[in-house]
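Breakdown of the fold
Each chain is listed here by its residues.
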Amino acid sequence: TALQTHFDAVIDADGKIEPRDWMPDGYRKTLVRQISQHAHSEIVGMLPEGNWISRAPSLKRKAILIAKVQDEGGHGLYLYSAAETLGTSRDQMLDALHAGRAKYSSIFNYPTLNWADVGVIGWLVDGAAIMNQIPLCRCSYGPYARAMIRVCKEESFHQRQGYEALLVMMQGTAEQKAMVQDAVNRYWWKCLAMFGPPDADSPNSVQGMRWGIKRISNDDLRQKFIDATVPQAEVLGVTLPDPDLKWNAERGHYDYGPIDWDEFWATVNGHGPMNKERLATRVKAHEQGAWVREAAMAHAAKQQQRQQKEAA
Amino acid sequence: TALQTHFDAVIDADGKIEPRDWMPDGYRKTLVRQISQHAHSEIVGMLPEGNWISRAPSLKRKAILIAKVQDEGGHGLYLYSAAETLGTSRDQMLDALHAGRAKYSSIFNYPTLNWADVGVIGWLVDGAAIMNQIPLCRCSYGPYARAMIRVCKEESFHQRQGYEALLVMMQGTAEQKAMVQDAVNRYWWKCLAMFGPPDADSPNSVQGMRWGIKRISNDDLRQKFIDATVPQAEVLGVTLPDPDLKWNAERGHYDYGPIDWDEFWATVNGHGPMNKERLATRVKAHEQGAWVREAAMAHAAKQQQRQQKEAA
Amino acid sequence: MHLADNALVLGQRNAEWCGHGPVLEEDLALANNSLDLIGQARLLYQHAASLINADPAEALRFAHLQGARQNGLIAEDTLAYFRGTAEFRNHTLMELPHHGPLVGYAVSERDYAVTIARNFLVSALMVLVWDGLRASKDAQLAAIAAKSLKEVRYHLRHASDWLVRFGDGTEESHRRAQAAIDHLLPYCEAFWHPSPAEQAAAADGSGVDVRTLRDHWNALVNDTLTEATLTRHDQPHAGYVAQGHVGVHSEHLGFLLAEMQSLARAHPTAVW
Amino acid sequence: MHLADNALVLGQRNAEWCGHGPVLEEDLALANNSLDLIGQARLLYQHAASLINADPAEALRFAHLQGARQNGLIAEDTLAYFRGTAEFRNHTLMELPHHGPLVGYAVSERDYAVTIARNFLVSALMVLVWDGLRASKDAQLAAIAAKSLKEVRYHLRHASDWLVRFGDGTEESHRRAQAAIDHLLPYCEAFWHPSPAEQAAAADGSGVDVRTLRDHWNALVNDTLTEATLTRHDQPHAGYVAQGHVGVHSEHLGFLLAEMQSLARAHPTAVW
């Protein structure tokens, strides 16, 4: 059809699709799935770091952490807005999350067990997320691309803050250094898995590439992340927990050991250490907030009635 | 009547009234009020000390504290039982407590703010309670007198434990000593008030004396407590917060300053720092435990039904 | 120190909602509120620390605080993380948990009505206090006041708006808001019983005499309560006046500080 | 240390009910349970401390623990109050709060069904473990086992009785008990994945090989669940195995220890 032809032409020209433009159903569905999943990840992702706000070891770090978690909530807000431009409401997306139909990043199904986890989430988890997200700033869907530009900017800031916090800790006491190493040991492999299954096993990728939603393959992003991170780890003075990790001059990249995909899939499929806890916490917050939302609506309705009466 | 005459004779002979004996309504009512109030005090009194179980500074002190709070619950149990022999059920007594009709010792309407409060409650609060209670071991109502013998024995043990804990703290760091002094400052005057208003203002006492329920007057007990406590405070090395406190060789007693009865009555009448908190906590525990009690009853009923079926 | 402790303890409480708010926008609003308060606390502690370090008598009074010092001197985190419960000077109102009256070691669901009602009652006071402190003869404090006034005006607006929504919303929200106000109002009586330190500051021109603000506060509070169709039951006041600001707290502050200070105290010499 | 930490952490949890129980008799029963567990923990820590103090390599491994020492030596409170979260070796099951699955800083009402279900699952294990440990070649441990076995038999009886009452009681109690069992059973999988320390103890005859107890435990658990008309959904097991016993805990232990250790850590040199 003419609509499809126009859509294809925009995509091929690396142009932007906007909310009022025609788009194929599959494109719309894929985008809603991906954007809402991303939004959910921001919201669920508030919990692991939020876990340390009350115990942050200095007022400065407490303020930085609150601001960061607040930013994540903000990202969630404008990602939900971007998804709403595709015709799905925030309530619908939240229902899908709470019913377990929608996913969020599996990395948040692991607990935050010491203060260094906060820094490591900034450095490695946000670092991996940025690798995944930078290409999305050039995504073919306009509102998503624009949201991602803002998200990436803030995430880069968070990543630097996380790394800086770890640098300070690594210059500190033996216990502080041990915390950082412990956190890196627990998060390193989970971060590598964040880029998704190897290209050979990643069926969604081809269509995503065609549509200009996905731009770089999982394995390429993962390699890029590793190559960028290893020197940072050396500066920091931590050991990445992979005996196979070494520079391969021939490839011009770091080689790395095998990822435990069984563990990854078990967690994605609900059997991680905190899947139930994360979701139940979100559901509980939503349910216990119902009376607040109802009060706001009831009051707004009363206000409107009163205004209409005055106008009449 | 003959019944009344017999009753009076038993009382006059310092004998014991037992549950099946005839007794005047006023005697019964007074006893139910007093015993249930005492039982409620034990139960509510679990809360101020329970507040420190989770933070006890050594495992030994944690064990001692749990055992003590458990003992208080135990006292509550057998005092409720003693009161039940007078024809009032535990549920009725709890309802009266939860509805605010029944009182408990006003001393528990103050918060426990540092670890030394636990020791001071043992030393001074239990100490004052024992002064009040020892005469009750000779009370004319048999079940109450027997319960009080056991209670007093255990309370004396608690009082020695509390004093011993304070002795250890007073040999410790400057902060530990400051905690003890702070706790004594907050509790001293409240403990003096525990003996009740001055004899001149204490209308219930005369009839209580006549019935062999009350044996020593408020002021006499208070003086006895002060005389016993001042030397203990000296050994401990704390200052009792009363500039007027000094030995009066003529009276053979310690003189002491005026008690703030306005504050006492305000607290008794519901305006202390924790009246609402203490009662609401008990009510909440009771309400949230309803399903547990119902389950136990439902199961017992099912069991009985099954046994009857088998028997049939 | 009273102002700093107020800000820190309330900031700590409000941050508890982060990730658990009734709607995402409120997570952000409370985080924002908490950030403002912790920012205020930091400025105030830094100022207090510099005053303490400059005065040998004061330095001696705080000599027992050894954690988180910088070059041997008291720093903001020394004051926030290494003072004991009885050394805090915040109003008791700030430290109460987000639920109705219960003892210190009880647990209960959080009630957003309590959160909003407290923020309302506190912000109504602090709008007046910061406004007055802009004229403090302590220039540093006057500058902090000017900055804080802008922030707390927003807090008051946010809390008032929600209190009106609750009071004039559903039956449940009205009931919760009324219960929250009934629970919290008696703690406000302490506002008008300034500590010796507050009185000294008012006398020397660095502080304000809070008692002069009472009528204005009453008017602010009564206006919003009326709009929210809520009733004020606390007049005339009879009963216990909370004493957190002179160091005699509720059972709740100890738990709040135990958690807040746990990591810092486990590593007293660490730099973060 | 694994046994001691199990006892202490569960004892700490169960004591939280003290003053808040559903009926006075249960306040006393839980306090009694907690007292037994803390008593066991004390004996085990004392024993561990004497082993550590007698072995220079071990003493070095614990050299960073400086609090609550006695004459410079590690004491029971040094181990209980001055180790960090990751140094604890209790099963994750012990540290979970008395409610369903939620993140570490969530708050929720306590659910007595969770308390009872955990005590049931743990006691069923410990009856077997202590029974086996009576034959430990470590005479001290064998003596502790003999004492503890009597106590835990009573705990198992108490928890089983209540679990049956709940399962075969009202609709609500059945629903709560089933939810509690569903929530907690997966954490029991960790019982059968002994830590290197547990394996070494089993190998040298001081410990037991827990894997040999699995069938017996299953039989104990299944019998009571059947009587309670509750269903076991965890077979075959698929998913994450909790790792508290090798030091990787849930988010809950950090909060439990922050509170438990707060006072002791604020005064590391104090004697109580």
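As annotated in an unreviewed UniProt entry, chain C is Phenylacetate-CoA oxygenase subunit PaaI from Hydrogenophaga taeniospiralis CCUG 15921.

Going through the model one piece at a time under the given rule, you end up with 54 salt bridges over all chains. Two residues, D:E172 and D:R176, come together in a salt bridge whose shortest N-O distance is 3.0 Å. Residue D:E172 and its partner D:R176 are both found in helix α8 (residues 171–188); the two are separated by four residues, about one turn of the helix. Owing to a relative accessible area of 28%, D:E172 belongs among the partly exposed residues under this scheme. Connected via shared salt-bridge partners are A:E49, A:K68, A:E72 and A:D126.

Within the secondary structure, D:E251 is located in the loop between α10 (214–227) and α11 (252–266). Put simply, D:E251 and D:S123 are 128 residues apart on the chain and 24 Å apart in space, counted from C-alpha to C-alpha. A distance of 2.9 Å separates polar atoms of two side chains, one belonging to D:E251 and the other to A:R278. Engagement of the side chain of D:E251 in a polar contact is seen with the backbone nitrogen of D:G104, the distance being 3.1 Å.

Evaluation of the coordinates by the stated rule reveals 30 aromatic pairs over all chains. Pairing C:W162 with C:F166 gives two aromatic rings, centres 5.5 Å apart and planes at 50°, and the pair type is tilted. Here C:F166 and C:W162 lie together in helix α7 (residues 139–167), a separation of four residues that amounts to about one turn. In this structure C:W162 comes out as buried when scored by relative accessible area, which is 8%. Exposure remark for C:F166: the relative accessible area of 0% places this residue in the buried category. Geometrically, the ring pair formed by D:F191 and D:W217 is edge-to-face, given 5.7 Å between the ring centres and 85° between the ring planes. Note that D:F191 is positioned in the loop between α8 and α9 (196–203) and D:W217 in helix α10, a separation of 26 residues in sequence.

All names here are of chain D. The residue Q261 is located in helix α11 in this model. Put simply, Q261 and D27 are 234 residues apart on the chain and 24 Å apart in space, counted from C-alpha to C-alpha. Aside from chain neighbours lying at most four places away, what touches Q261 is A80, Y81, F82, R83 and F88.

Residue and element names in this part refer to chain D. Two numbers describe how helix α6 (residues 112–133) lies on α10: the axes approach to 9 Å, and their chain directions differ by 140°. Considering the angle they form, α6 stands oblique to α10. As for the relative orientation of α6 and α10, their crossing is right-handed in sense. Every residue of α10 that contacts α6 at F120, L121, A124, L125 and L128 is listed here: H216, W217, L220, V221, T224 and L225. Looking at side-chain class alone, the contact of α6 with α10 contains nine nonpolar, two polar and no charged residues.

Procedures and definitions
Residues numbered from 1 in each chain as written. Chains lettered and ligands numbered in written order. Predicted model: local features only at pLDDT ≥ 70, side-chain atom pairs only at ≥ 80, totals over all residues. Heavy atoms only, no water. Salt bridge = Lys/Arg side-chain N within 4 Å of Asp/Glu carboxyl O. Helix = DSSP H or I, 4+ residues; strand = E, 2+ residues; numbered from the N terminus. Buried < 20%, exposed > 50% of the residue type's maximum accessible area, 1.4 Å probe, protein only. Polar contact = N/O pair within 3.5 Å; in protein donor to acceptor, adjacent residues only side chain to side chain. Phe/Tyr/Trp six-rings, centres within 6.5 Å; stacked < 30°, edge-to-face > 60°. Contact = heavy atoms within 4.5 Å. Axes fitted to C-alpha atoms, helices over the stretch in contact; angles between N-to-C directions. Parallel < 35°, antiparallel > 145°, perpendicular 65-115°, else oblique. Left-handed = near helix turned anticlockwise from the far one by under 90°. Nonpolar A, V, L, I, M, F, W, Y, C, P; charged D, E, K, R; others polar.

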